[in-house]
Amino acid sequence: MTSGRVNPQFRLEDQGITGLENVYYNLIEPALIQEALKNGEGDLGRGGAFLVATGKFTGRSPKDKHVVKTDSVADTIWWENNAAMSPEGFNTLYNDMLAHMQGGKYYVQDLTGGADPAHAINVRMVTELAWHGLFIRHLLRRPDRDALDSFVADFTVINCPSFQADPTKHDCRSETVIALNFDRKIILIGGTEYAGENKKSVFTLLNYLLPEKGIMPMHCSANHADGNPVDTAVFFGLSGTGKTTLSADPERTLIGDDEHGWSDRGTFNFEGGCYAKTINLNPEAEPEIYATTSKFGTVIENMVFDEETLELDFDDDSLTANMRCAYPLDYISNASETALGGHPKNVIMLTCDAFGVLPPIARLTPAQAMYHFLSGFTSKVAGTERGVTEPEPTFSTCFGAPFMPRRPEAYGNLLREKIAKHGATCWLVNTGWTGGAYGTGSRMPIKATRALLTAALNGSLNEVEFRKDDNFGFDVPVAVPGVAEVLLDPRRTWDNPEAYDRQATKLVQMFADNFEQYVPYIDDDVKAAAIG
């Protein structure tokens, strides 16, 4: 049985997917919630939010993501970063997953990735869980209902959490699998209920396709000055660095919180919603995001709540520190209706330094910007990936290595060209620790970070005095109105300056050791900007 609105020439049967008992096409939010409740997938929360726990997997499984090694992509995939799967293994996986799905109930959402119609791709999401359909309906972009009558997908994603892969048979690592086949235009996800795999599989797809068109795909948030899309800023950063929080500025218009493209026409959001971390979410510091947690249809993922009152506990991380909410972009009052912006005037690279060494903000030359973009230094924050229980210093190239199918230089060179062409000012912003490393110091005060960003975006920061940092060579402001001067000199925030020096020397060496892998692929000016 099938129900819902769909192109009659592009049903699952037309794609060779048959034998399912019930298929629900393009259900809207109330219907998806009804289905999810009927299936026992979760609970209805305050305001009509949907409360769900994802079981064993409460974060991404990056080591279980595979790219099928076919002739067409063999020379363009960064295989050191992307596990290969044989075409034979994928074909068996596909057939076995479809056999497992026989007689089941599935939900189809026909959506698009990309707010700029010139560069958007059509994606069909086939999900075993109704709430996954609700989630991805928020996170990707929803076509007009009339457009569904002629919708044809460029790529299809099938997500079946109850399916367990066989590593020997399917040429994968474990029972959990995410497999991208660019030739067959299919992505298969099995063995995990964590909803983030849905959106990040599409992001990985766009990260491969767009550079061929001269478009820079970016793991970043973005906003622009109210009424002035020309004044656009992008915020690169891994989960936990503040991408979502810092781009949700009430004085600026939000373009998006996680995934964007930079084309010859400007900046565009890939998505139609936000996926925000909710641990310690504060209604005073982040009122708009907090308000979404009790709005109709918001997906509340892995949060503890009172079974009687349904009150959410924002401090209880017993399920995971990676608790999240997913909601449509229009739940944020100052969100852009078009999700489009101009060419970035400011490029901000967010890092969460668990060593307590980096200053809260530094100005970068274009060569330094490429150096820090390729380095991608940050700390994995607890819960974002399986097994991460406290901040772990790491280098994640392009501030998003798990989602980068191509070599880092492909993205680095694109970014550098666009920064040079459009004259963007680049900043490195540390939202990590000050006054000592993790365990001794404290997190950078968000009020100070916001004040520094405001000054950077309105241009006033360029007018203050800067000093050259002894360790990293970038420019650091000496004094900024509204910010404690001591914060701007990390060494002064430590009780023991010599301990700071030792920690800084250690971090500089880590940067130097990590960057060795890129030296054969970069130009001399970037080599000159290298640290250590």
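Residues numbered from 1 in each chain as written. Predicted model: local features only at pLDDT ≥ 70, side-chain atom pairs only at ≥ 80, totals over all residues. Heavy atoms only, no water.

1. Things to note about the UniProt feature "binding site: substrate" (unreviewed entry) in the protein chain
Per the UniProt record, the feature "binding site: substrate" (unreviewed entry) sits at Arg60, Tyr194, Lys200 and Arg324. Considering only the annotated residues already named, the ones lining the largest cavity are Arg60 and Lys200. Mapping Arg60 onto the fold places it in the loop between strand E4 (50-52) and strand E5 (65-68). Accessibility expressed as a relative area gives 10% for Arg60, which makes it buried. Locating Lys200 in the fold gives a position in helix H5 (residues 196-209). Those residues within four positions of Lys200 in sequence are excluded, and the remaining contacts are Arg60, His219, Asp258, Glu259 and Phe403. One polar contact links Lys200 to Asp258, side chain to side chain, over a distance of 2.7 Å. (UniProt positions renumbered as here; feature names shortened; annotations may be inferred. 1 Å grid on protein atoms, 1.4 Å probe; cavity = no way out; pocket = protein on both sides within 12 Å on 5 of 7 lines; lining within 4 Å. Helix = DSSP H or I, 4+ residues; strand = E, 2+ residues; numbered from the N terminus. Buried < 20%, exposed > 50% of the residue type's maximum accessible area, 1.4 Å probe, protein only. Contact = heavy atoms within 4.5 Å. Polar contact = N/O pair within 3.5 Å; in protein donor to acceptor, adjacent residues only side chain to side chain.)

2. Topic: the UniProt feature "binding site: Mn(2+)" (unreviewed entry) in the protein chain
Per the UniProt entry, the sites bearing "binding site: Mn(2+)" (unreviewed entry) are Lys200, His219 and Asp258 in this numbering. Judged by maximum C-alpha separation, these annotated positions cover 59 residues in sequence but sit close together in space, the widest gap being only 10.3 Å. Lining residues of the largest cavity drawn from the annotated set just named are Lys200. With respect to the helices, strands and loops of the structure, Asp258 is situated in the loop between strand E14 (252-256) and strand E15 (259-263).

3. Some points on helix H12 (residues 497-515)
Its 19 residues place the ends of H12 27 Å apart at the C-alpha level, agreeing with the 27 Å of an ideal helix rising 1.5 Å per residue. Of the surrounding secondary structure, the elements contacted by the buried residues of H12 are helix H8 (366-375), strand E23 (377-380), strand E24 (392-395), helix H11 (490-493) and helix H13 (524-529). The distance from a side-chain oxygen at the start of H12 to the backbone nitrogen of Glu498 is 3.0 Å, and the residue carrying that oxygen is Asn496. (Expected span 1.5 Å × (residues − 1).)

4. Examining the state of the cysteines
Tallied over the entire structure, the rule returns zero disulfides. For the unlinked cysteine Cys426, the closest cysteine sulfur is that of Cys220, found at 13 Å. Since its relative accessible area comes to 1%, Cys426 is described here as buried. (Disulfide = S-S within 2.5 Å.)

5. Thoughts on empty space enclosed by the protein
To find leftover empty space, one rolls a probe the size of a water molecule over the atoms. Scanning all chains against the criterion turns up three cavities of 30 Å³ or more. Empty space within the largest cavity amounts to approximately 70 Å³. Along its surface, the largest cavity is lined by Arg60, Ser61, Pro62, Lys65, Ile178, Glu197, Lys200, Ser201, Pro402 and Phe403. Considering every element that reaches the lining of the largest cavity, the biggest residue donor is H5, with three residues. (Points joined across faces, edges and corners; volume = space filled by probe spheres on them.)

6. Structural notes on a negative patch on the surface
Residues Asp43, Asp306, Glu307 and Glu308 make up a contiguous surface patch of negative charge. By secondary structure assignment, the location of Glu307 is in the loop between strand E18 (299-301) and strand E19 (324-328). (Patch = residues over 30% accessible without salt bridge, like charges linked within 9 Å, V, L, I, M, F, W, Y side chains within 5 Å. Areas by Shrake-Rupley, 256 points an atom, 1.4 Å probe, with all protein chains shown as cover. Salt bridge = Lys/Arg side-chain N within 4 Å of Asp/Glu carboxyl O. Lys, Arg positive; Asp, Glu negative; His and termini not counted. Charge placed at Lys NZ, Arg CZ, Asp CG, Glu CD.)

7. A short note on the sheet that holds strand E3 (residues 43-44)
With mixed pairing, the five strands of this open sheet are ordered in space as E3-E4-E18-E19-E17. Looking at the sheet topology across the chains shown, the edges are occupied by E3 and strand E17 (273-277). Note: E18 against E19, three bridges, orientation antiparallel. When the sheet's bridge partners are listed, Ile300 is paired in E19 with Cys325. (Pairing = 2+ DSSP bridges.)

8. Section: unusual backbone geometry
In this model, Ala339 sits at a positive phi of 60 degrees, which is unusual for a non-glycine residue. Summarising the element assignment, Ala339 is placed in the loop between E19 and strand E20 (340-341). Accessibility expressed as a relative area gives 1% for Ala339, which makes it buried. Phi is positive for Cys398, which is not a glycine, with a value near 60 degrees. Examined against the element boundaries, Cys398 turns out to sit in the loop between E24 and helix H9 (408-422). A relative accessible area of 1% means that Cys398 is categorised as buried.

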